[in-house]
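Chain by chain, the residues run as shown.
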Amino acid sequence: MTFIINGEEQDVAATTLADLLLALDYEGDWLATAVNGELVHREDRAGFSLGAHDRIEILSPMQGG
Amino acid sequence: MLKLYDIAVQSRLLLGTARYPSPSILAEAVRRSKTEIVTVSLRRETSGGKSGGAFFELIRDLGVRVLPNTAGCHSVKEAVLTAKMARDVFRTDWIKLEVIGHHDTLQPDVFGLVEAARILTDEGFQVFPYTTDDLVVAERLLEAGCRVLMPWCAPIGSAMGPVNPTALRSFRAHFPDVPLIVDAGIGRPSHAADVMERGYDAVLLNTAVAGAGDPAAMAEAFALAIAAGRLAHKAVPLEPRDMAVPSTPVIGKAVFS
């Protein structure tokens, strides 16, 4: 399926958010995810079904002021 | 002791983690500042990237409390979502709320700020709003549920120091019981001492430390200045006056003519 991941269009074989993270080699308890502008808690990723063209944001801690 | 929401802290310096020459210098600056609170952010992670994880580990190892921010957010929606994502990662209800309204000055969009503060407070967040020195906006933020206010003293990263001391004085006088943290615009330890002498409760710094020639030494210099300013405030400094006052008593002075 085609998704918009962190602003870039990508084809990924995944039906859930957890599958997508695995397929793209995202791992770690420091990641935050949102789909179509809504937070998806880490414990909800496995049960969160994705649809074509979903906008997915994957964020991680960075330096900040 | 300073209480921020329900947390008591000894240090009155909050330190940003951005723009240091290296992670080790950041760590050393945090240690020498004796800060108990550092600000952090969230950014897009690249596929397979582990940069966020390395930074996360560094911060965890420092053993300090984390205050995530919503830096770079220009809308209420962005700021609220970023705050929620930060809570999911950092497991804290604290959020340094920034809703930027102007690209050049990074002045907060105070209308969006109040709206976002209300939404986040209703969702259980403990909001640290980055705001201007406007008293009415501050009132609205308190009504929205904020129990800490963070007025700027000059634009972010400008290093100008307090550009409107009168406004800072009014702000302190109007909110005597609210913890007030000067956030943004401090450039030198003397600026920090200045606002602390005026009765501000704490200072939040980043660029002034990270951009110094020796960030770790500057972090310590700020810690000393903030402690000195606090002590001076408690000691009640003199108010300036127009005319001279002799410090040596004139009574009993010899008359030679």
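Residues numbered from 1 in each chain as written. Chains lettered and ligands numbered in written order. Predicted model: local features only at pLDDT ≥ 70, side-chain atom pairs only at ≥ 80, totals over all residues. Heavy atoms only, no water.

Comments concerning the packing of aromatic side chains
All names here are of chain B.
Okay, step 1: Under the defined criterion, the tally for this structure stands at four aromatic pairs over all chains.
Okay, step 2: Consider the rings of Tyr-5 and Phe-128, whose centres lie 5.4 Å apart with planes at 50°: the pair is tilted. Of this pair, Tyr-5 sits in the loop between strand E1 (2-4) and strand E2 (7-9) while Phe-128 sits in strand E7 (residues 126-131), and the two are 123 residues apart along the sequence.
Okay, step 3: Looking at Tyr-5, the relative accessible area reads 8%, which means it is buried.
Okay, step 4: For Phe-128, a relative accessible area of 0% corresponds to the buried category.
Okay, step 5: Aromatic side chains Trp-94 and Phe-128 sit 4.9 Å apart centroid to centroid with 55° between the ring planes, which places their arrangement in the tilted category. With a gap of 34 residues between them, Trp-94 in strand E6 (residues 94-97) and Phe-128 in strand E7 connect regions that are remote in the sequence. A single burial state applies to Trp-94 and to Phe-128, both of which are buried.
Okay, step 6: Ring-pair connections join several aromatic residues into one group, and the members of that group are Tyr-5, Trp-94 and Phe-128.
Okay, step 7: When the ring centre of Phe-125 is taken as origin, the NZ or CZ atom of Arg-87, which lies over that ring, is 3.8 Å away. (Phe/Tyr/Trp six-rings, centres within 6.5 Å; stacked < 30°, edge-to-face > 60°. Helix = DSSP H or I, 4+ residues; strand = E, 2+ residues; numbered from the N terminus. Buried < 20%, exposed > 50% of the residue type's maximum accessible area, 1.4 Å probe, protein only. Lys NZ or Arg CZ within 6 Å of the ring centre and 35° of its normal.)

A closer look at the side chain of Ser-11 of chain B
Residue and element names in this part refer to chain B.
Okay, step 1: By secondary structure assignment, the location of Ser-11 is in the loop between E2 and strand E3 (13-16).
Okay, step 2: Among the polar contacts listed, one links the side chain of Ser-11 to the backbone nitrogen of Leu-13, at a separation of 3.2 Å.
Okay, step 3: Among the polar contacts made by the side chain of Ser-11, one reaches the main-chain carbonyl oxygen of Lys-34 at a distance of 3.5 Å.
Okay, step 4: Among residues more than four places away in sequence, those in contact with Ser-11 are Ser-33, Lys-34, Thr-35 and Glu-36. (Polar contact = N/O pair within 3.5 Å; in protein donor to acceptor, adjacent residues only side chain to side chain. Contact = heavy atoms within 4.5 Å.)

Remarks on the UniProt feature "active site" (unreviewed entry) in chain B
Okay, step 1: Per the UniProt entry, the sites bearing "active site" (unreviewed entry) are Lys-96 of chain B in this numbering.
Okay, step 2: Here Lys-96 of chain B shows up in strand E6.
Okay, step 3: In this structure, Lys-96 of chain B is in contact with Gly-65 of chain A together with Thr-39, Leu-67, Pro-68, Asn-69, Thr-70, Phe-128, Tyr-130, Met-150, Asp-183 and Leu-204 of chain B, ignoring residues within four places of it in sequence.
Okay, step 4: A polar side-chain atom of Lys-96 of chain B sits 3.2 Å from the main-chain carbonyl oxygen of Gly-65 of chain A. (UniProt positions renumbered as here; feature names shortened; annotations may be inferred.)

As for the environment of Gly-72 of chain B
Residue and element names in this part refer to chain B.
Okay, step 1: Examined against the element boundaries, Gly-72 turns out to sit in the loop between strand E5 (65-68) and helix H3 (76-90).
Okay, step 2: Relative accessible area serves as the criterion here: at 44%, Gly-72 is assigned to the partly exposed category.
Okay, step 3: The spacing of Gly-72 and Ala-138 is 66 residues in sequence and 21 Å in space, taken between C-alpha atoms.
Okay, step 4: Discounting residues that sit within four places of it in the chain, Gly-72 has contacts with Glu-78, Glu-98 and Ile-100.

Some points on the environment of Ala-144 of chain B
Residues and elements named next belong to chain B.
Okay, step 1: By secondary structure assignment, the location of Ala-144 is in the loop between helix H5 (135-143) and strand E8 (150-151).
Okay, step 2: When its relative accessible area of 5% is taken as the criterion, Ala-144 is described as buried.
Okay, step 3: Note: C-alpha distance between Ala-144 and Ala-116 (28 residues apart in sequence) is 9.0 Å.
Okay, step 4: Ignoring anything within four residues of it in the chain, the contact list for Ala-144 reads Val-114, Ala-117, Arg-118 and Thr-121.

Topic: the pattern of salt bridges
Residue and element names in this part refer to chain B.
Okay, step 1: Summed over the entire model, instances satisfying the criterion amount to twelve salt bridges over all chains.
Okay, step 2: Taking the shortest distance from any N to any O, the salt bridge between Arg-31 and Glu-28 comes out at 3.5 Å. Taken together, the positions of Arg-31 and Glu-28, both in helix H1 (residues 23-33) and three residues apart, correspond to about one turn of that helix.
Okay, step 3: Residue class for Arg-31 comes out exposed when judged on its relative accessible area of 52%.
Okay, step 4: As a salt-bridge pair, Arg-60 and Glu-57 come within 2.8 Å of each other at their nearest N and O atoms. Residue Arg-60 and its partner Glu-57 are both found in helix H2 (residues 51-62); the two are separated by three residues, about one turn of the helix.
Okay, step 5: For Arg-60, a relative accessible area of 44% puts it in the partly exposed group. (Salt bridge = Lys/Arg side-chain N within 4 Å of Asp/Glu carboxyl O.)

Examining the state of the cysteines
Okay, step 1: According to the stated counting rule, one finds zero disulfides over all chains in the structure shown.
Okay, step 2: No disulfide involves Cys-73 of chain B; its nearest neighbouring cysteine sulfur is the one of Cys-146 of chain B, lying 16 Å away. (Disulfide = S-S within 2.5 Å.)

Points about the UniProt feature "binding site: 1-deoxy-D-xylulose 5-phosphate" (unreviewed entry) in chain B
Residue and element names in this part refer to chain B.
Okay, step 1: Taken from the UniProt record, the annotation "binding site: 1-deoxy-D-xylulose 5-phosphate" (unreviewed entry) applies to Gly-157, Ala-184, Gly-185, Asn-206 and Thr-207. What stands out for the annotated residues spanning 51 residues is how close their C-alpha atoms remain, the widest pair being 9.6 Å apart.
Okay, step 2: Relative to the elements of secondary structure, Gly-157 occurs in the loop between E8 and helix H6 (165-174).
Okay, step 3: Look at Gly-157 and you get partly exposed, because its relative accessible area is 46%.
Okay, step 4: Discounting residues that sit within four places of it in the chain, Gly-157 has contacts with Gly-185 and Thr-207.
Okay, step 5: Along the chain, Ala-184 turns up in the loop between strand E9 (181-183) and helix H7 (189-197).
Okay, step 6: Classification of Ala-184 by relative accessible area gives buried; the value is 8%.

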